[in-house]
Amino acid sequence: MDLGTPTDSALRVVCPQCGHLEIDDLELLASDEVHALTCEVCACRFHLALFDCAHCGEETVFVRAAAPTPAEILAATCQHCGHPLHDDGPDVRPMGRA
Ligand SMILES: [Zn+2]
Ligand SMILES: [Zn+2]
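Because the structure is a prediction, the values reported are computed rather than measured.

### Focus: the environment of Ala30
Structurally, Ala30 is set in the loop between strand E2 (21-25) and strand E3 (34-38). A residue is classified by how much of its surface remains accessible, and Ala30, at 34% relative accessible area, is partly exposed. Expressed as a C-alpha distance, the spacing of Ala30 and Ala49, which sit 19 residues apart in the sequence, is 8.5 Å. Residues contacting Ala30, with those up to four places away along its chain left out, are His35 and Leu50.

Below you can see the structure in the form of structure tokens.
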């Protein structure tokens, strides 16, 4: 059994619809941007944003089935320490208003 290697650069994304766990390469995704993804299992579209916590330095993965609103993004907190991710003011531009 492979216990796995440390996955510092891997991002674990859970599909909000079917729960499928997808491993993405963190380097492909820029922080502080909303990315639209498609689940490879159920083919649903969902949105993901990555935020660096200014408090503890950890990365928080923010997943929503629908595109997150600016208010939702502003209200996001660090998954690791609970620190508000955007208490310094909004600097996030949600993608996809098409
Ligand atoms: Zn899915
Ligand atoms: Zn934190």
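### Thoughts on the coordination of the zinc ion (ligand 2)
Bound to the zinc ion (ligand 2) on the protein side are Cys53 (SG), Cys56 (SG), Cys78 (SG) and Cys81 (SG), at distances that span 2.3 Å. Here the zinc ion (ligand 2) is ringed by four donor atoms whose angles at the metal span 107 to 114°, and the overall shape comes out tetrahedral. Spacing between the donor residues of the zinc ion (ligand 2) along the chain follows C-x2-C-x21-C-x2-C.

### Examining the coordination of the zinc ion (ligand 1)
Coordination angles at a metal have ideal targets, namely 109.5 degrees for four tetrahedral donors and 90 or 180 degrees for six octahedral donors. Each protein donor to the zinc ion (ligand 1) is listed here as Cys15 (SG), Cys18 (SG), Cys39 (SG) and Cys42 (SG); together their distances run 2.3 Å. Coordination geometry of the zinc ion (ligand 1): the four donor atoms subtend angles of 107 to 115° at the metal centre, consistent with an arrangement described as tetrahedral. Mapping the donors of the zinc ion (ligand 1) onto the primary sequence yields the spacing C-x2-C-x20-C-x2-C. Taken together, the residues span a long stretch of sequence, with Cys15 in the loop between strand E1 (10-14) and E2 and Cys42 in the loop between E3 and strand E4 (45-52) at a distance of 27 residues. Of the residues examined, Cys42 reaches a relative accessible area of 26% and is grouped as partly exposed.

What counts, and at which threshold
Residues numbered from 1 in each chain as written. Chains lettered and ligands numbered in written order. Predicted model: local features only at pLDDT ≥ 70, side-chain atom pairs only at ≥ 80, totals over all residues. Heavy atoms only, no water. Helix = DSSP H or I, 4+ residues; strand = E, 2+ residues; numbered from the N terminus. Buried < 20%, exposed > 50% of the residue type's maximum accessible area, 1.4 Å probe, protein only. Contact = heavy atoms within 4.5 Å. Donors = N, O, S within 2.8 Å, 3.2 Å for Na, K, Ca; no water. Tetrahedral: all angles 85-135°; square planar, octahedral: opposite > 155°, others 65-115°.

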